[in-house]
Amino acid sequence: MDLSWYLILSALLFSIGAGGVLIRRSPLVILLCLELMLNSANLALLAFSRSVGNAEGQIFALIVMVVAACEVVVGLGLIVAMYRRRLPLDVDESRGLRG
Amino acid sequence: MEQVAFFAGAIGALGGAIAVIALRNPFYSVLALVVHLFALAGLFLLLHAEFIAAAQIVVYAGAVMVLYVFVAAYVGGFEEPLWDAIPGQRVLAPLLGLALFIELSIAILGTGLKTLESEGPVIPAGFGSPEAIGRLLLEDFLIPFEAASLLLLIAAVGAVVMAARRPALELAGTESPESDRIFASPPHGTDPAGDVAEPSRPGGNAFDSEARDAAAADLAPTPEGVTEGGPVPDSPAAIAPRAAGGVAPAIDEENPPPPPDDDDDGKEG
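Residues numbered from 1 in each chain as written. Chains lettered and ligands numbered in written order. Predicted model: local features only at pLDDT ≥ 70, side-chain atom pairs only at ≥ 80, totals over all residues. Heavy atoms only, no water.

**Focus on the overall build of chain B**
Turning to step 1, where the next piece is worked out: Across its full length, chain B holds 12 helices and 0 strands.
Turning to step 2, where the next piece is worked out: The order of helices and strands in chain B, counted from the N terminus, is α-α-α-α-α-α-α-α-α-α-α-α.
Turning to step 3, where the next piece is worked out: By residue count, 36% of the 269 residues in chain B fall in the buried class.
Turning to step 4, where the next piece is worked out: Contacts spanning at least 24 positions in sequence make up 62% of the contacts within chain B whose residues lie at least 6 apart.
Turning to step 5, where the next piece is worked out: Accessible surface, chain B as shown: approximately 14800 Å² in total, 70% of it carbon and sulfur. (Helix = DSSP H or I, 4+ residues; strand = E, 2+ residues; numbered from the N terminus. Buried < 20%, exposed > 50% of the residue type's maximum accessible area, 1.4 Å probe, protein only. Contact = heavy atoms within 4.5 Å. Areas by Shrake-Rupley, 256 points an atom, 1.4 Å probe, with all protein chains shown as cover.)

Pasting the structure below:
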């Protein structure tokens, strides 16, 4: 398959993830949508790596996966802390920092 | 054959992604993301990234998604309300996503890259194999590799600090069933007088108010610079040993029998 197919698919997945962040209000689902976006970036990186014929792009994808795992750990810790303190699990209700 | 595999993987990935944002129960969203990740791993295999595909399935669809499932089960199946917090949010957000997709497509197809219309060069055998990835990681990219490991360590420590039990927070703010349970169970198990006084109650609700008062009195005198009950600028290291072992034995030594006038909220339970 041509490179452009993979890139268009990656753009489509990224747009779905971004739309999900805008639509949903549960912090857990917003984290899932961030995962969608990171994985679509991974797909683009791997497609470019295949297209150039250089395996260094796969190292980028691996590092992105590590960063995504860190983001998941910290985000889920935040959600658990919110649940412990009986804060509403709704990003629109957590507006203590709004000016 | 390759086209068939690509379109199957693409349909799986797109369906999983749409299901993630369309399903109302977060638990089902997590499961849809697992489907999405498996389909994406198939696409990675088509791109000759064997090691990344294996890591995607093992690390992502295995470990990270199990973490998501645990948190979704712990937090519970909450349903999102149907009303829009911002008027027109459910109409505007897909339009913005569509606009982003159109913009990205124009940017991709308008670059004029010659490789866009080709599959790329003929790659050598062993491209993307664990051997090639390992060689790259330990020779050319050693410092990013070590930085990634350091980042993982920092994230693990940060998650432990953030999700740790802090009784001062829960006592000062609202009360949660977890704090009740952790305060109620040790005196119930170790104190025989409590069992004699209240033999038939399984949950040990009578000790809740007593344990909470004792814990609050324990936190109040501020021996280690713990400010009294405020919204906690105190360090978690000063609080955590109290939650682990400091509170419950103190209750046993100070007032072993439960005072009869103190458990009025537990009588009806």
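**Topic: the interface of chain A and chain B**
Turning to step 1, where the next piece is worked out: Between chain A and chain B, the residue contacts involve 70 residues of the former and 90 residues of the latter.
Turning to step 2, where the next piece is worked out: When chain A packs against chain B, close to 7600 Å² is buried across both sides, 73% of that on carbon and sulfur atoms.
Turning to step 3, where the next piece is worked out: Joining chain A to chain B, the criterion identifies 0 salt bridges.
Turning to step 4, where the next piece is worked out: Our count for the chain A to chain B interface comes out at 8 residue pairs in polar contact (both at pLDDT 80 or more).
Turning to step 5, where the next piece is worked out: Here the side of chain A that touches chain B gets 22 residues from one element, more than from any other, and that element is helix 3 (residues 56-84) of chain A.
Turning to step 6, where the next piece is worked out: The residue inventory of the side of chain A that touches chain B, partitioned by class, reads 46 nonpolar, 13 polar and 11 charged. (Buried area = accessible area lost by both parts, 1.4 Å probe. Salt bridge = Lys/Arg side-chain N within 4 Å of Asp/Glu carboxyl O. Polar contact = N/O pair within 3.5 Å; in protein donor to acceptor, adjacent residues only side chain to side chain. Nonpolar A, V, L, I, M, F, W, Y, C, P; charged D, E, K, R; others polar.)

**With respect to the nonpolar core**
Turning to step 1, where the next piece is worked out: Of all hydrophobic cores here, the largest spans 69 residues; its most connected members are Tyr6, Leu43, Leu76 and Ile79 of chain A together with Ile52, Met65 and Tyr68 of chain B.
Turning to step 2, where the next piece is worked out: Breaking this core down by element, the ones donating at least two residues are helix 1 (3-23), helix 2 (27-52) and helix 3 of chain A together with helix 1 (2-22), helix 2 (26-46), helix 3 (50-75), helix 4 (89-109) and helix 5 (130-140) of chain B.
Turning to step 3, where the next piece is worked out: Discounting chain neighbours no more than four positions away, the residues touching Tyr68 of chain B are Leu28, Leu31, Leu32, Glu35, Val72 and Leu76 of chain A together with Val30 of chain B. (Core = buried A, V, L, I, M, F, W, Y, C linked by side-chain atoms within 4.5 Å.)

**Thoughts on the packing of aromatic side chains**
In this description, an aromatic ring pair is defined by two values, namely the gap between the centres and the angle between the planes.
Turning to step 1, where the next piece is worked out: All told, the structure shown has 5 aromatic pairs over all chains when counted by the stated rule.
Turning to step 2, where the next piece is worked out: Measuring from centroid to centroid gives 6.2 Å for Trp5 of chain A and Phe6 of chain B, while their planes differ by 75 degrees, and the two rings are edge-to-face. Taken together, the positions of Trp5 of chain A in helix 1 and Phe6 of chain B in helix 1 put the pair across two chains.
Turning to step 3, where the next piece is worked out: Looking at Trp5 of chain A, the relative accessible area reads 42%, which means it is partly exposed.
Turning to step 4, where the next piece is worked out: You can call Phe6 of chain B buried: its relative accessible area is 2%. (Phe/Tyr/Trp six-rings, centres within 6.5 Å; stacked < 30°, edge-to-face > 60°.)

**So, helix 5 of chain B**
Turning to step 1, where the next piece is worked out: Of all the positions in helix 5 of chain B, only Ile133, Leu136 and Leu137 of chain B are classed as buried. Taken end-on, helix 5 of chain B shows its buried residues confined to a sector of 95 degrees, consistent with a single buried face. In helix 5 of chain B, the exposed positions angled more than 90 degrees off the buried face are occupied by Glu131, Leu138 and Glu139 of chain B.
Turning to step 2, where the next piece is worked out: Elements in contact with the buried residues of helix 5 of chain B: helix 3 of chain A together with helix 3 and helix 6 (142-163) of chain B. (Arc of directions from axis to C-beta.)

Everything listed is a geometric property; what it means functionally is a separate question.
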